[in-house]
2 protein chains.
Amino acid sequence: MAPKGLFLALCLSALLVASWGRKVRHYQWEVGYVFWKPDCQEKVMIGINGQFPGPTIRAKAGDTIVVELKNALHTEGVVIHWHGIRQLGTPWADGTASISQCPISPEETFVYRFKVDKPGTYFYHGHYGMQRAAGLYGSLIVDVADGEREPFHYDGELNVLLSDWYHQDINTQAVGLSSNPFRWIGEPQTLLINGRGQHGCSLASHVLEGLSACEINSSQCAPVTLPVLPNRTYRLRIASTTSLASLNLAVGSHKMVVVEADGNYVQPFEVKDMDIYSGDSYSVLLTTDQDPSSNYWLSVSVRGREPKTQPALAILNYHPNSATKLPTSKPPVSPLWNDYAHSKAFTYRILALKGTERPPASATRRIALLNTQNKLNGYTKWSINNVSLALPSTPYLGSMKHHLAGAFDAERPPESFPGDYDVMRPATNPNTTQSSGVYVLDFNTTVDVILQNANALSANVSEIHPWHLHGHDFWVLGYGEGRNTAVIFPYGWTALRFVTDNPGVWAFHCHIEPHLHMGMGVIFAEGVHLVSRIPKEAIACGMMGKKFMNLP
Amino acid sequence: MAPKGLFLALCLSALLVASWGRKVRHYQWEVGYVFWKPDCQEKVMIGINGQFPGPTIRAKAGDTIVVELKNALHTEGVVIHWHGIRQLGTPWADGTASISQCPISPEETFVYRFKVDKPGTYFYHGHYGMQRAAGLYGSLIVDVADGEREPFHYDGELNVLLSDWYHQDINTQAVGLSSNPFRWIGEPQTLLINGRGQHGCSLASHVLEGLSACEINSSQCAPVTLPVLPNRTYRLRIASTTSLASLNLAVGSHKMVVVEADGNYVQPFEVKDMDIYSGDSYSVLLTTDQDPSSNYWLSVSVRGREPKTQPALAILNYHPNSATKLPTSKPPVSPLWNDYAHSKAFTYRILALKGTERPPASATRRIALLNTQNKLNGYTKWSINNVSLALPSTPYLGSMKHHLAGAFDAERPPESFPGDYDVMRPATNPNTTQSSGVYVLDFNTTVDVILQNANALSANVSEIHPWHLHGHDFWVLGYGEGRNTAVIFPYGWTALRFVTDNPGVWAFHCHIEPHLHMGMGVIFAEGVHLVSRIPKEAIACGMMGKKFMNLP
């Protein structure tokens, strides 16, 4: 038996280290409910391997990630989306229920296997119902391949995964959003940094008036400390998987240089504070050039909605100060929540690093998407060109590949909206329609998408929507390039360009969890006939399972 | 077009009324979360067509019930079990996840189609995870066929569906039960009659000291009134779908005559109060022979566990008194919770109506099942002969019918337990094992099952377990006959006999929801090779879905 065992071991290591040092990184995860105190109040959350947030995946560009995901929820399906990973050639691993795969049933295991081709700061999260908001997320960081170098220098790295947290369970949130009368989820109770926050108090109560001190009753809600040495440069990897909140981040007395956005290098620019919308990720360089006898606050606060949530604070801990030594200064003051000029100025500064691939000079198709808030039989919805997205139970990838009629609405959704639509006022007729229709795009063509924001149901209200495209990076024609998530500001528009070079079916949607739940998204399909080797288990459900099941 | 439409209509009505007046009764249901105030506190519950409890199904013996069940939950599968219906020839319609069918996925519809062959008082409920405890249940009443008569007379009928209600959501309950350290769900907050109760108060506060009056803030928690005429005989149909509580029911100043148990006629006997365990159903005759100027309390209280839950009260409303006229007497006093002699005396009086079919004189197989509370890697479980039931993700009915290896544990569970096991003390070794193994029974044979209760993990604790058998009625050899749910008393044993005349795979389990969740059940399979025409959609999931999916 010994030689056989040895042979097996040799085979395995051969598998694990592919040519040119590219590795297969293997993870075994179990998704299940856990008791957790993310903000010192105990709730039931979705954890991975008993932990919240989920484990950090760390790999090098060119590596293959294999996640064996076992669903240990009791009655719920589950999927995980690898946000920012393009899934070139593996559209079934995109982790979007109804779109790229069947939800993984309780007690079943699905194997996600995909390449991380581009270095960058990414994350992963649930993409079924509102499970992301229950805590199903974590970081995914891709370093440059061996022998490659980043186009900037740093001495150390700090990871900052941002999220918002509601005390109300996601079932209650979801049924409220789907109720008539409509019940809005409201503002989050707590902002979390790396899954930790403190509810109804401030770590900086000793320097801020009117705020009570935090009683930390668990290491699960202990303040986050970011250890640094003086006079070094650190790369802060910052990502936001908030359910709702748009955020602003600042570090007391320190400036930051933005160098990466959504896995794409940007032309470096210096900021005192930065905005982060749900679905965004950034790298910023921070030099520890301040008085080393102090620690400093990293502060995260709400933007774009009237803030009702305390800023989240972490401690930038200069060596050799104690990690628990609270800064004696006040946390940095964030810009006014509705200072959109400040937000736009930041966003418009994001430009691709010089020398980066240029977008194609022109597009062959142009799709204009009007974002509106509407009513459907009295229920509140979000719509795109007056169509509110209703996802089918049979995933598109299987039904489109196998030409299964009736699995989704055959009618193509509209490519434009009336030219005289007044985006500055509530719609004259707020009623909308619902559909699971698909935008079918020609393979290997260039598509322009113009997102047009509008007034919501109430007068003088227009909200921020950070739109995220699966399977692709896109160029922002207006203000920047090379991203997978772009914001549209209230009443504003954003023009994007992308190339349909990734056969599959891809969601394009507002990354705000309740907005997607209310229909704010569209489906793009491209070159589905070119997709091959879809694992059966990805599509063996719904109408596919029945139609193609042959019993003896 | 008109003639074609007419032809269709004629066909449909031909379908609806089969020969001998037997009807197809058609229901379209949508299962989804709703806001509801079952005890005047608003929670999220599972409702059917927006209502809690679900609609009452009413049919005649021989009718066919067709329920088109659409799952409108967000991420959860769902099934419904038709408790007490034997599903002769339709084992795939028994509504047990992992056993008879795949959970119905969100947005999908499954059609339950089955015959109700025996008149009686039944109910239905969720049978996946702990969804029953979230409110997924309702009444199912089968009258005698046209031309048939019940063996007793009554002038009117009143339906009383009993349940218990927890304020904690079922996810939190389930994760607590599956946690180490173990978190028990505790006693229910409220007992419900027909889905209505009042939390933390008593309708009888005007005649009971120390209890506050109820503030009814919704018709969803309004007192249940049972309208009667004086000097008539009423059939009370009583069923219990409690998650945990064993109950005692009494009607002030009135006696009751028990005439039916679990859809089987019993030798009539008179009681002042009666016990009802989870899974039980009864009919009792009540004669309105009391002073008609008063209304009277129907009172339901907890038995067998130290009661921490207020009795539920309903008003027996004598015509022409106002329905809101509260009885001036105190509610009937229920026996002490631990007066097991009283409980046993009631249970032992339940005997089949004379002339009912006798059990076979002997059995060909005898299975002794020891019920113990155990530890599995530190987690608290319930076990049968030291095996805690772990349900597979691929339903047995499909995998056994199609000989799919590996879908469940091949090892057969033990038929007996050590003769020297001391049921009066905690187990010397509390450790248990987990398995999805099946008791395979020869078709058309007689099987005896002896259920033996034992001491739980703590000394001097032995609990009530009402065991429910799917697909069959059984004879209770010890104390009665013809039932589908039988109790074992603390430290006690109960001997059952049944005939394996229903090809399929059938659960036999403790009807207490958290006990089943913790493994307290076994699986019987009989004549699975004789099962034919299983609808694909019942079994197109898990390993079946993958193995038998043939893609072009």
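The rules behind these values
What you see as residue numbers is a count from 1 along each chain, following the sequence as written. Written order decides the labels, with chains lettered from A and ligands numbered from 1. Reporting of local features is limited, given that this is a predicted model, to residues whose pLDDT is at least 70; pairs of side-chain atoms are given and counted only at 80 or more, and all residues count toward the totals for whole chains, interfaces and linings. For side-chain calculations, the full set of non-hydrogen atoms in the structure is used, while hydrogens and water are omitted. Each helix is a run of H or I in the DSSP string that is no shorter than four residues. Each strand is a run of E no shorter than two, and both are numbered from the N terminus. Radius of gyration here is computed from C-alpha atoms only, and the compact-globule reference equals 2.2 Å multiplied by the residue count raised to the power 0.38. Only protein chains enter the accessibility calculation, which uses a 1.4 Å probe; a residue whose area is less than 20% of its type maximum is buried, one above 50% is exposed, and one in between is partly exposed. Contacts: residue pairs with any heavy atoms within 4.5 Å of one another. Confidence scores per residue from the predictor, reported as pLDDT, run from 0 to 100. What makes two strands pair is DSSP finding at least two bridges between them. Axes here refer to lines fitted to C-alpha atoms; in helices the fit is confined to the stretch in contact. Angles between the N-to-C directions go from 0 to 180 degrees. By buried area we mean how much accessible surface two parts lose on assembly, using a 1.4 Å probe and totalling the loss over both. A pair is scored as a salt bridge if a Lys or Arg side-chain nitrogen falls within 4 Å of a carboxyl oxygen belonging to Asp or Glu. Polar contacts, as used here, are pairs of N or O atoms within 3.5 Å; protein pairs need one atom able to donate a hydrogen and one able to accept it. Residues neighboring in sequence count only if both atoms are side-chain atoms. UniProt positions are given in the numbering used here, feature names are shortened, and annotations may be inferred rather than shown by experiment. Here the copies are matched by least squares. The fit uses the C-alpha atoms of residues with pLDDT of at least 70 in both. Pairs of cysteine sulfur atoms within 2.5 Å are what we label disulfides. Centres within 6.5 Å are what make two rings of Phe, Tyr or Trp a pair, Trp counting through its six-membered ring; a difference in plane orientation under 30 degrees is then read as stacked, over 60 as edge-to-face, and the rest as tilted. How far each domain reaches was decided by an automatic or database domain assignment.

Points about the overall build of chain A
1) Next: Along chain A, the regular secondary structure elements total 7 helices and 31 strands.
2) Next: Against the globule reference of 24 Å for 552 residues, chain A gives a C-alpha radius of gyration of 23 Å, in line with a compact fold.
3) Next: Here the C-alpha coordinates of chain A stretch approximately 80 × 70 × 50 Å along the principal axes.
4) Next: Here chain A holds 552 residues, and the buried ones make up 61% of them.
5) Next: In chain A, the share of contacts with a sequence separation of at least 24, taken over all contacts with a separation of at least 6, comes to 76%.

What about the confidence of the model for chain A?
For residues with low pLDDT, the predicted coordinates do not support detailed interpretation.
1) Next: Per-residue confidence for chain A averages 94 on the pLDDT scale, and 96% of its residues sit at or above 70.
2) Next: Low confidence marks residues 1-18 of chain A, where pLDDT is under 50. Its contacts with residues over four positions away, or in another chain, come to 5 contacts.

Observations regarding the sheet that holds strand 30 (residues 504-510) of chain A
All names here are of chain A.
1) Next: The strand order across the open sheet formed by 5 strands is 24-31-30-26-28, and the pairing between neighbours is mixed. This sheet does not close on itself; its edge strands, each paired only once, are strand 24 (439-441) and strand 28 (485-488). Across this sheet, the average inter-strand angle for adjacent strands is 20°, counted without regard to direction.

Quick notes on the interface of chain A and chain B
1) Next: Contacts between chain A and chain B engage 42 residues on the former and 42 residues on the latter.
2) Next: Both sides together, the interface formed by chain A and chain B hides about 3900 Å², and carbon and sulfur atoms give 61% of it.
3) Next: When residues of chain A are sorted by the area they lose upon contact with chain B, F35, T75 and M549 of chain A head the list and together hold 18% of the total.
4) Next: Between E108 of chain B and K546 of chain A there is a salt bridge whose closest N-O contact spans 3.3 Å.
5) Next: If you look at where chain A meets chain B, you find 18 residue pairs in polar contact (both at pLDDT 80 or more).
6) Next: Sorting the residues of the side of chain A that touches chain B by element identifies strand 1 (24-36), helix 2 (170-177), helix 6 (536-539) and helix 7 (542-547) of chain A as the ones contributing at least two each.
7) Next: The leading source of residues in the side of chain A that touches chain B is helix 7 of chain A, at 6 residues.

Some thoughts on the sheet that holds strand 6 (residues 109-115) of chain B
1) Next: What the 4 strands build is an open sheet, ordered 2-1-4-6 (chain B); its pairing is mixed. Sheet topology places strand 2 (43-48) and strand 6 of chain B at the edges, where each strand pairs with a single neighbour. The sheet shows a mean angle of 20° between the axes of neighbouring strands, taken without regard to direction.
2) Next: In this structure, strand 4 (residues 64-71) of chain B lies alongside strand 6 of chain B, joined through 7 bridges in antiparallel fashion. Considered in strand 6 of chain B, the bridge of L69 of chain B is made with F110 of chain B.
3) Next: Along the sheet face, helix 2 of chain A touches strand 1 (24-36) and strand 2 of chain B and points at about 110° away from the line of strand 1 of chain B.

Quick notes on the environment of Q310 of chain B
All names here are of chain B.
1) Next: Here Q310 is to be found in the loop between strand 18 (296-303) and strand 19 (312-318).
2) Next: Assessed through its relative accessible area of 28%, Q310 is described here as partly exposed.
3) Next: Between the C-alpha atom of Q310 and that of G478, which follows or precedes it by 168 residues, the distance is 33 Å.
4) Next: Not counting residues up to four positions away in its chain, the partners in contact with Q310 are L191, C201, S202 and L211.

Let's talk about the UniProt feature "domain: Plastocyanin-like" (unreviewed entry) in chain A
Residues and elements named next belong to chain A.
1) Next: The UniProt feature table records "domain: Plastocyanin-like" (unreviewed entry) at residues 31-143, 159-320 and 429-527.
2) Next: Taken as a whole, residues 31-143 contains 0% helix and 43% strand, while its terminal C-alpha atoms sit 26 Å from one another.
3) Next: The span residues 159-320 carries 5% helix and 43% strand; its end-to-end C-alpha distance comes to 20 Å.

Brief notes about helix 2 of chain A
1) Next: Along helix 2 of chain A, 8 of the 8 residues are buried, which leaves the element largely enclosed by surrounding structure.
2) Next: Of the surrounding secondary structure, the elements contacted by the buried residues of helix 2 of chain A are strand 21 (379-384) and helix 5 (513-517) of chain A together with strand 1, strand 2 and helix 2 (170-177) of chain B.
3) Next: One side-chain oxygen at the N-terminal end of helix 2 of chain A lies 3.1 Å from the backbone nitrogen of N171 of chain A; it belongs to D169 of chain A.

Describing the relation of the copies chain A and chain B
1) Next: The operation relating chain A to chain B is a screw motion whose rotation component is 180°, with 0.0 Å of axial translation and a residual RMSD of 0.0 Å. Such a turn and shift between the copies fits a two-fold axis.

Quick look at the pattern of salt bridges
Residue and element names in this part refer to chain A.
1) Next: In this structure the tally under the stated criterion is 42 salt bridges over all chains.
2) Next: Here R132 makes a salt bridge to E513, at a shortest N to O gap of 3.2 Å. In this pair, R132 sits in the loop between strand 7 (120-126) and strand 8 (137-143) while E513 sits in helix 5, placing the two residues 381 residues apart along the sequence.
3) Next: A residue is classified by how much of its surface remains accessible, and E513, at 5% relative accessible area, is buried.

Observations regarding the state of the cysteines
Residues and elements named next belong to chain A.
1) Next: Under the counting rule described, the total for this entry stands at 6 disulfides over all chains.
2) Next: C201 shares a disulfide with C214; S-S distance 2.1 Å. Across the S-S bond of C201 and C214 the torsion is about 100°, and the bridge reads as right-handed. Within this pair, whereas C201 is found in the loop between strand 10 (190-193) and strand 11 (224-228), its partner C214 is found in the loop between strand 10 and strand 11, the two being separated by 13 residues in sequence. As far as burial versus exposure is concerned, C201 and C214 are alike and both buried.

A word on the packing of aromatic side chains
1) Next: Scanning the model with the defined rule gives 42 aromatic pairs over all chains in all.
2) Next: With a centroid separation of 6.0 Å and 65° between ring planes, the pair formed by Y27 of chain A and W29 of chain A is classed as edge-to-face. The same class applies to Y27 of chain A and to W29 of chain A, which are both buried.
3) Next: Note on Y277 of chain B and F489 of chain B: the rings are 6.2 Å apart at their centroids and 80° apart in plane angle, and the pair reads as edge-to-face. Residue Y277 of chain B is located in the loop between strand 16 (273-276) and strand 17 (281-287), and its partner F489 of chain B is located in the loop between strand 28 (485-488) and strand 29 (493-499); the two are separated by 212 residues in the primary sequence.

Observations regarding the domain arrangement of chain A
Residues and elements named next belong to chain A.
1) Next: Splitting chain A by domain gives domain 1 (17-143), domain 2 (156-348) and domain 3 (365-547).
2) Next: Each partner contributes residues to the interface: domain 1 has 27 residues there, and domain 3 has 37 residues.
3) Next: Around 2400 Å² of area is buried between domain 1 and domain 3 when both sides are counted, 61% of it from carbon and sulfur atoms.
4) Next: Counting across the interface, domain 1 meets domain 3 through 2 salt bridges.
5) Next: Taken together, domain 1 and domain 3 are joined by 18 residue pairs in polar contact (both at pLDDT 80 or more).
6) Next: Of all the secondary-structure elements, those providing two or more residues to the side of domain 1 that touches domain 3 are strand 5 (80-83) and strand 7.

Here's the deal with the pairing of strand 28 of chain A
Residues and elements named next belong to chain A.
1) Next: On strand 28, burial covers both faces: T485 and V487 on one face and A486 and I488 on the other are all buried.
2) Next: Pairing of strand 26 (residues 465-469) with strand 28 involves 4 bridges; the strand directions are antiparallel. Across the sheet, the residue bridging to P466 is V487, located in strand 28.

Details of the environment of S243 of chain A
1) Next: Of note, S243 of chain A is situated in the loop between strand 12 (233-240) and strand 13 (246-251).
2) Next: The spacing of S243 of chain A and H515 of chain A is 272 residues in sequence and 9.3 Å in space, taken between C-alpha atoms.

Focus: the side chain of T90 of chain B
Residue and element names in this part refer to chain B.
1) Next: Here T90 is to be found in the loop between strand 5 (80-83) and strand 6.
2) Next: With a relative accessible area of 14%, T90 lands in the buried category.
3) Next: One polar contact links T90 to Q87, side chain to side chain, over a distance of 2.8 Å.
4) Next: Setting aside its immediate chain neighbours within four residues, T90 contacts R113 and F114.

Considering unusual backbone geometry
1) Next: Look at the link from H319 of chain A to P320 of chain A: it is a cis peptide, with omega at 5°.
2) Next: The topology assignment puts P320 of chain A in the loop between strand 19 (312-318) and helix 3 (340-348).
3) Next: A cis geometry characterises the amide bond from N180 of chain B onward to P181 of chain B, with omega recorded as 5°.
4) Next: Here P181 of chain B shows up in the loop between helix 2 and strand 10 (190-193).
5) Next: The phi torsion at C40 of chain B lies on the positive side, around 75°, for a residue other than glycine.

Examining the environment of N484 of chain A
Residues and elements named next belong to chain A.
1) Next: Relative to the elements of secondary structure, N484 occurs in the loop between strand 27 (475-476) and strand 28.
2) Next: The buried category is assigned to N484, whose relative accessible area is 1%.
3) Next: Considered as a pair, N484 and S301 are 183 residues apart in the sequence and their alpha carbons are 23 Å apart.
4) Next: In contact with N484, other than residues within four places in its own chain, are H83, G84, D262, G279, W467, H468, L469, H472, D473 and F474.

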